[in-house]
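Below are the chains, spelled out letter by letter.
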Amino acid sequence: MKIGKNTVVTVKYKLSDAQNNLIEDGNQPMVYLHGGYENTLPKIEEELDGKELGYAATIQVEPDDAFGDYDPALVKVEPRDRLPEPLEVGMQFEGMPDGSEGDDEALIFTVTDIADDKVVLDGNHPLAGMALRFELEVVDVRAASDEEIQHEHVHGAHGHHHGHDDGDDDSAGDEFRSHPVH
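Residues numbered from 1 in each chain as written. Predicted model: local features only at pLDDT ≥ 70, side-chain atom pairs only at ≥ 80, totals over all residues. Heavy atoms only, no water.

Student: Explain the confidence of the model for the chain to me, using residue names and the numbers behind them.
Tutor: Overall, the prediction assigns the chain a mean pLDDT of 84, with 82% of residues at 70 or greater. Per-element averaging of pLDDT across the chain places strand S6 (residues 92–95) at the bottom with 87 and strand S4 (residues 56–61) at the top with 97. This model gives residues 163–182 a pLDDT under 50, and the stretch forms 28 contacts once residues within four places in sequence are excluded. (pLDDT = per-residue confidence, 0-100. Helix = DSSP H or I, 4+ residues; strand = E, 2+ residues; numbered from the N terminus. Contact = heavy atoms within 4.5 Å.)

Structure follows, in structure tokens:
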């Protein structure tokens, strides 16, 4: 079966930076619904479109087509007493960028430095500003179910599980939901 709109694609991958420094080994394969549903980077979909089981390639994705350029305006220094204790580098908090309007989306800020009474928070994606190299190997392709197409993401193993007790889409299993990556 060829990869096309409304197929579920399983891909083994390795993610490195442009200098081939390993970022993620991809121990678990990536499983996504192909066809513009924002379940993976558009450049990955573009590369795999029309390919079949066994196809392998290495592609480089520039920042504009991945997680964007690094934006120094998304780095802010906050008083330490505004954040909960214990506080450690690497912790993440949801917040609004400085000067944002009420309809802006919240960002995830990562603690990058702690000094006495100040904390540095960075709202950039950790891979922002980086060219990324993906080693891809297609290990499965199947037709998506009607439910997967309707919900615009993969269900089952490595996908999203909906609770079937009352039809509530926000029930247990949401930790597996695919999220847009751009």
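Student: I'd like a description of the pairing of strand S9 (residues 132–143), backed by residues and values.
Tutor: Relative to S9, strand S1 (residues 7–17) runs antiparallel, the two sharing 11 bridges. The residue bridging Lys-14 from the neighbouring strand is Glu-135, located in S9. In terms of strand pairing, S4 meets S9 through six bridges, oriented antiparallel. Opposite Val-61, over in S9, you have Leu-132 as the bridge partner. (Pairing = 2+ DSSP bridges.)

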